[in-house]
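Now for the letters of each chain:
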Amino acid sequence: MKGIDFTETSPIITMRQVWKYYDLGANRIPALRGVDLMIDRGEFVAVWGPSGSGKSTLCNLMGLIDDASDGYIELVGREVRQLSDDQMSEFRNKTIGIVFQHFNLIPVLSALENIMLPLQIQGISAKEAEKKATAWMREVGLGDYTEQRPDKLSGGQRQRVAIARAMVTDPSLVIADEPTANLDSENARKIIDLMREINMLKGTTFIFSTHDQRLLGRVRRHVQLLDGMVVEDKRL
Amino acid sequence: MSAWVKIAIRNIIKNKRRSLYTIIAIALGFAAVNIFGGYTEYMFTSLKNAFIYNYANGHLNIFKKGYLEEGKLDPTRFLIKDKELEAIKEICKGDPRILLATPKLEVTGLVSNGKVSTIFFANARVPSDTEFIRAKSSGMLAKLKLFDGKKLEDEVPSAVGFSSGLARKLAMRIGDTGNLMAPTVEGMINAVDIDLYQTFESPMAELNDKLIDMNLKLAQNLYDTTSVGSITVLLSETDLTNKARAYLLGEFNRTGLEMEVKTWEEMSPFYVKVRDMFDVIFIFVFVIVFVIVVMSVVNTVSMSILERTREIGTLRALGLKRAGVVNLFVIESLLMSVAGSLLGLVMTLIVWYAIKVTEPTWVPPQITRAVPLEVFLVPGYLAGSFFSLIVLSALAAVAPARRAAYEKSIVDDLGYV
């Protein structure tokens, strides 16, 4: 997005006293309680904690697919509460890449067409989109699978397509909510390694959530959540 | 191809059965409206052309002013005299739209076979002029045989045609003779001999035992007059009726002729009533059929949205705006309605062709003879239904798509199982 006023040294994400409540009947359940967090550009961060700790909620807020109940959130120099819904959509499309736990590929599109999608949402021509998407297919090691539909791909292959889709717009930030939850341990490791490799080569900031502590050895920083609060924020 | 059209087409194909049912529903709606519309158009055109051409009533009828209100009681007061007739014919010659202006005289009296007699009503015309008007009939009506026996001839004034019921009533057959009796315009009783040349079916069943077609000369002879009751005007095209009437009225005003001109519509209340009735029926059919089609589309789109809730959440997460989600489903609906309309067009053409080839007949109300049944292809109805279905299908998709795009959150959509 044009006119973004931030410097290379500014944090890419700033969260101050962020609260998120969910209304369940008569009860108001806090999923996040006063979270303070800053993520710098180029970091490779794991957000981990047990089920119900608020990891997915935190990822949803950072990915702009949900709104905080209270608090301040700044993403890539923009305060998100000032954005309209259409502006948020545009911001997500151009600046944030999202990788989902369940891959969420469009079933009627081929692997290549799935990767092209964010570019076509931007309005980029099919020809240009195909060129970029093909490059990313090769980058994630799936150059021979361009025409395959998602139901013909393994879990690991689908997640690679999802990562390529998240990266095709050259985002500043990639949010991955439990990207390895539906993969076996070997594929889980490979996916994390792929994301780390992209992080090192392209400088893209990666934030992923996980409940699997075994993956923490592959990250330089991990943020531990418990009951909606940050209980540990460790840089290695 | 646009990604959205691609997604729409592939989702239509993915859910083959559901898509097919919706497309067939649209096609049947399209075909129903156009076949019924084509049938009503055939009815209107046939009634109109039968009145104007087959029954030789022409496009316009010229009467002396007041004839229609008071002429039934005292027709002799409103007869058009020789000089007036000649003046009117000259005026008609001045307009190239007018093909023919022919005099007519309505007569009533008694008809007898020599043993028994009964009342009759007659339209007395110039036979060759009647044939000229009938020859302008087109389509399947042109093939309609209007009488049994021989044509009436200008040179044989005694030749008459009886309605079939009248012939049966008097036990007369073609070739038999009889006589007509009526008071003259002066009030004296007069009689003329007649030769039965033909029998025909009356356009109205109630008059089938009373009607006679006769030569104008015979009627003038019977009434002992050279005057006529009205003048029938035939135009080159029916659409020119109102303009031709305006011309005639203008000329009558200019020349001081006290005449009134009635159009074929004004002279045929049956046509107007049938047309109005079918117009209302058509509207009902149109609304009912299209409501069914719209409900079918709404149901299909709603089911599609429900099944693709997570997909909607994903697209929104990738940056597709809310309006983009709506457009996605509107495109899908539009594609189905185009496919359905095209299939409907094929169905319509099949029915039209089948009727054209088999040439079925039927006996309409108040008609005593079988007439051809046709369905017309009306470009206005075809285009109108196509356009209406496209628009309605698009609108039918908007409401459920808007609910999906605007009322639900991305998180809820992504979490949908």
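Calculation rules
- Residues numbered from 1 in each chain as written.
- Chains lettered and ligands numbered in written order.
- Predicted model: local features only at pLDDT ≥ 70, side-chain atom pairs only at ≥ 80, totals over all residues.
- Helix = DSSP H or I, 4+ residues; strand = E, 2+ residues; numbered from the N terminus.
- Rg over C-alpha atoms; globule rule 2.2 N^0.38 Å.
- Buried ≥ 20, exposed ≤ 12 C-beta atoms within 10 Å, placed from the backbone.
- Axes fitted to C-alpha atoms, helices over the stretch in contact; angles between N-to-C directions.
- Parallel < 35°, antiparallel > 145°, perpendicular 65-115°, else oblique.
- Left-handed = near helix turned anticlockwise from the far one by under 90°.
- Contact = placed C-beta atoms within 7 Å.
- Expected span 1.5 Å × (residues − 1).
- Bend = angle between axes of the 7 residues up to and from the residue.
- Nonpolar A, V, L, I, M, F, W, Y, C, P; charged D, E, K, R; others polar.
- Pairing = 2+ DSSP bridges.
- Domains from an automatic or database assignment.
- pLDDT = per-residue confidence, 0-100.
- Core = buried A, V, L, I, M, F, W, Y, C linked by C-beta atoms within 7 Å.

Engineer: Pulling in residues and values, what's your account of the overall build of chain B?
Structural biologist: Counting its regular elements, chain B contains 14 helices and twelve strands. For chain B, whose C-alpha radius of gyration is 31 Å, the value lies well above the compact-globule estimate of 22 Å for 417 residues. With the principal axes as the frame, chain B shows a C-alpha extent of 100 × 50 × 35 Å. Buried positions account for 38% of the 417 residues belonging to chain B.

Engineer: Provide a residue-level description of the packing of helix α10 (residues 269–307) of chain B against helix α12 (residues 322–358) of chain B, including the pertinent values.
Structural biologist: Residue and element names in this part refer to chain B. Running from N to C, α10 and α12 cross one another at 135 degrees; their axes reach a closest spacing of 11 Å. Considered as vectors, α10 and α12 are oriented oblique to each other. In the crossing of α10 with α12, the sense of the turn from one axis to the other is right-handed. Across the interface between the two elements, Val297, Val301, Ser304 and Ile305 of α10 pack against Phe329, Glu332 and Ser333 of α12.

Engineer: Lay out helix α13 (residues 379–407) of chain B with the relevant residues and their values.
Structural biologist: All names here are of chain B. The first and last C-alpha atoms of α13 sit 42 Å apart over 29 residues, in line with the 42 Å expected at 1.5 Å per residue. The axis of α13 is deflected most strongly, by about 30 degrees, at Ala401. Of all the residues in α13, the buried ones are Tyr381, Leu382, Ser385, Leu389, Ser393, Ala396, Ala397, Pro400, Ala401, Ala404 and Ala405. Looking at the buried residues of α13, the elements they touch are α2 (16–54), α10, α11 (309–317) and α12.

Engineer: For the packing of α2(B) against α13(B), give the residues involved together with the corresponding values.
Structural biologist: Residue and element names in this part refer to chain B. In contact at an axis separation of 10 Å, α2 and α13 are set at 150 degrees when each is read in the N-to-C sense. Compared by their axis directions, α2 and α13 come out roughly antiparallel. Handedness of the crossing formed by α2 with α13: right-handed. Residues Ile26, Gly29, Phe30, Val33, Asn34 and Gly37 of α2 pack against Tyr381, Leu382, Ser385 and Leu389 of α13.

Engineer: Pulling in residues and values, what's your account of the interface of chain A and chain B?
Structural biologist: Facing 20 residues of chain A, the contacting portion of chain B comprises 18 residues. At the level of secondary structure, the elements contributing two or more residues to the side of chain A that touches chain B comprise α2 (85–95) and α3 (111–122) of chain A. Sorting elements by how many residues they give to the side of chain A that touches chain B places α2(A) first, with six residues. Residue classes in the side of chain A that touches chain B are distributed as nine nonpolar, six polar and five charged.

Engineer: Please give an account of helix α1 (residues 55–62) of chain A that cites residues and values.
Structural biologist: An α-helical turn contains 3.6 residues, so a residue and the one three or four places further along point in the same direction. All names here are of chain A. Of all eight residues making up α1, eight are buried, and the element is well covered by its neighbours. Burial in α1 covers these residues: Lys55, Ser56, Thr57, Leu58, Cys59, Asn60, Leu61 and Met62. Of the residues trailing α1, Leu64 is marked for its positive phi of about 60 degrees.

Engineer: I'd like a rundown of the sheet that holds strand β6 (residues 96–99) of chain A, residues and numbers included.
Structural biologist: The pairing of strands in a sheet comes from backbone hydrogen bonds and takes either a parallel or an antiparallel form. Residues and elements named next belong to chain A. A sheet is described by the order of its strands in space; here six strands give the open sequence β6-β7-β8-β3-β9-β10, paired in mixed fashion. Strands at the two margins of the open sheet, each flanked by one partner only, are β6 and β10 (229–235). Averaged over all neighbouring strand pairs, the angle between strand axes comes to 15 degrees, with direction disregarded. Along the sheet, helix α6 (residues 185–202) makes contact with β3 (44–48), β7 (173–177) and β8 (205–210), crossing β8 at roughly 160 degrees.

Engineer: Give me the lowdown on the sheet that holds strand β4 (residues 70–75) of chain A, citing residues and values where you can.
Structural biologist: Spatial ordering of the open sheet is given by β2-β1-β4-β5 (chain A), a layout of four strands whose pairing is antiparallel. Two strands close off the open sheet at either side, each with one partner strand: β2 (27–39) and β5 (78–79) of chain A.

Engineer: Give a description of unusual backbone geometry that names residues and reports values.
Structural biologist: Residues and elements named next belong to chain A. Of note in this structure, Val76 is not a glycine but carries a positive phi near 45 degrees. Take Val76: it is sitting in the loop between β4 and β5. Look at Asp227: it is not a glycine, yet its phi comes out positive at around 50 degrees. Structurally, Asp227 can be placed in the loop between β9 (221–226) and β10.

Engineer: Describe the domain arrangement of chain B, listing the residues and the values that go with them.
Structural biologist: Domain boundaries in chain B define domain 1 (3–50 + 271–414) and domain 2 (58–266). A separation of 49 Å is found between the C-alpha centroids of domain 1 of chain B and domain 2 of chain B.

Engineer: With reference to specific residues and values, describe the confidence of the model for chain B.
Structural biologist: Low pLDDT means the predicted atomic positions in that stretch should not be read closely. Residue-level pLDDT values for chain B average 91, and 97% of them are 70 or greater. Interface confidence in the predicted complex, given as ipTM, is 0.92; pTM for the same model is 0.81.

Engineer: So what's going on with the pairing of strand β5 (residues 159–163) of chain B? Residues and values would help.
Structural biologist: Residue and element names in this part refer to chain B. With five of its five residues buried, β5 lies for the most part within the structure. Of the two faces of β5, the one holding Ala159, Gly161 and Ser163 and the one holding Val160 and Phe162 are both buried throughout. Bridge count between β5 and strand β8 (residues 211–215): three bridges; the pairing is antiparallel. The partner of Phe162 across the bridge, within β8, is Ile212.

Engineer: How would you explain the nonpolar core if you had to name every residue and give the values?
Structural biologist: Ranked by size, the top nonpolar core spans 114 residues in total, and within it Ile115(A) and Ala401(B) carry the most contacts. The contact partners of Ile115(A), leaving out residues within four places of it in the chain, are Ala133(A), Trp136(A), Met137(A), Val161(A), Ala164(A), Arg165(A) and Val168(A). Membership of the second largest hydrophobic core comes to 53 residues, among which are Ile98(B), Ala167(B), Tyr197(B) and Trp264(B).

Engineer: How would you sum up the environment of Arg245(B)? Please name residues and give values.
Structural biologist: Residue and element names in this part refer to chain B. Within the secondary structure, Arg245 is located in helix α8 (residues 241–255). Put simply, Arg245 and Phe78 are 167 residues apart on the chain and 20 Å apart in space, counted from C-alpha to C-alpha. The residues touching Arg245, leaving out its near neighbours within four places in the chain, are Leu60, Val261 and Thr263.

Engineer: I'd like a rundown of the environment of Ser333(B), residues and numbers included.
Structural biologist: All names here are of chain B. Along the chain, the position of Ser333 falls in helix α12. Spatially, the C-alpha atoms of Ser333 and Ile88 are 62 Å apart, while their sequence positions differ by 245 residues. Contacts of Ser333, omitting those with residues within four sequence positions, involve Val297, Val301, Ser393, Ala394, Ala396 and Ala397.

Engineer: For the confidence of the model for chain A, give the residues involved together with the corresponding values.
Structural biologist: Residue and element names in this part refer to chain A. Overall, the predicted model of chain A reaches an average pLDDT of 91, with 97% of residues at or above 70. Mean pLDDT per element in chain A: α6 is the minimum at 90, and α3 is the maximum at 96. Counted against residues more than four places away or in other chains, residues 1–6, with its pLDDT under 50, gives ten contacts.

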